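Okay, here's what each chain looks like letter by letter:
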Amino acid sequence: IEGVQERSAVIAQAFARIEKLPTIARVRTLGMIGAADLRSGGGYLGGAGWRIYEEAKKRGAYLRPLGDTVYVTPPLNIDPSDLTRLLSILEESIVAAG
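First, a word on what this report is: a plain description of the structure on this page.

How each quantity is defined
- Residues numbered from 1 in each chain as written.
- Predicted model: local features only at pLDDT ≥ 70, side-chain atom pairs only at ≥ 80, totals over all residues.
- Heavy atoms only, no water.
- Core = buried A, V, L, I, M, F, W, Y, C linked by side-chain atoms within 4.5 Å.
- Buried < 20%, exposed > 50% of the residue type's maximum accessible area, 1.4 Å probe, protein only.
- Helix = DSSP H or I, 4+ residues; strand = E, 2+ residues; numbered from the N terminus.
- Contact = heavy atoms within 4.5 Å.
- Axes fitted to C-alpha atoms, helices over the stretch in contact; angles between N-to-C directions.
- Parallel < 35°, antiparallel > 145°, perpendicular 65-115°, else oblique.
- Left-handed = near helix turned anticlockwise from the far one by under 90°.
- Pairing = 2+ DSSP bridges.
- Expected span 1.5 Å × (residues − 1).
- Arc of directions from axis to C-beta.

### So, the nonpolar core
Stage number 1. Counting residues in each nonpolar core, the largest one holds 25 residues, and the members touching the most others are Phe15, Ile18, Ile24, Leu63 and Leu90.
Stage number 2. Counting residues per element, the ones that place at least two in this core are helix H1 (4–18), strand E1 (24–30), strand E2 (33–38), helix H2 (48–58), strand E4 (69–72) and helix H3 (80–97).
Stage number 3. The greatest single-element share of this core, amounting to six residues, is contributed by H3.
Stage number 4. Beyond its immediate chain neighbours, meaning those up to four positions away, Leu63 contacts Ile52, Tyr53, Ala56, Val70, Tyr71, Val72, Leu86 and Leu90.

Okay, structure coming up:
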């Protein structure tokens with residue numbers, strides 16, 4: 001559990017940046033979980049989250065897509081540098097999937 005508050009703050013800061021991307025409708029975070037809803041309009045059955053998943057996979061990370069929402073749920077003990085990289089991959093993948 002040590003370091004979870006610091007890691008949660010990193011996730012919240014990254015999602016605050018991600019929320020400013022033009023393809024993002026809204027974001028939310030709760031502790032070590034972050035989610036971004038995409039503007040594509042497909043909702044639960046949409047495919048935008050899967051496009052971001054594919055882009056992230058090319059960059060070495062697995063994300064959790066659910067329709068037009070993409071989640072990150074890293075382990076509580078993730079190394080801070082790995083967390084920073086994961087969140088960078090998420091942001092890069094959202095931009096690439098456009």
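Right, picking up where we left off after that structure.
### Remarks on the packing of H1 against H3
Stage number 1. For the pair H1 and H3, interaxial distance at closest approach is 11 Å and the crossing angle is 15°. Relative to H3, the element H1 lies roughly parallel. As H1 packs across H3, the resulting crossing turns out to be right-handed. Contacts between H1 and H3 involve Arg7, Val10, Ile11, Ala14, Phe15, Arg17 and Ile18 from the former and Pro80, Leu83, Leu87, Leu90, Glu91 and Ile94 from the latter.

### Some words on the sheet that holds strand E3 (residues 64–66)
Stage number 1. Taken in spatial order, the four strands of this open sheet run E1-E2-E4-E3, and their pairing is antiparallel. Single-partner strands in this sheet number two, and they are E1 and E3. Pairwise comparison of adjacent strand axes, ignoring direction, gives a mean angle of 20° for this sheet.

### Quick word on H3
Stage number 1. With 18 residues, H3 ought to run about 26 Å at 1.5 Å a step, and its terminal C-alpha atoms sit 26 Å apart, in line with that.
Stage number 2. Within the span of H3, buried status applies to Leu83, Leu86, Leu87, Ile89, Leu90, Ser93 and Ile94. The arc that holds every buried residue of H3, seen down its axis, measures 155°, which confines them to one face.
Stage number 3. Among the structural elements, H1, E1, H2 and E4 are those in contact with the buried residues of H3.

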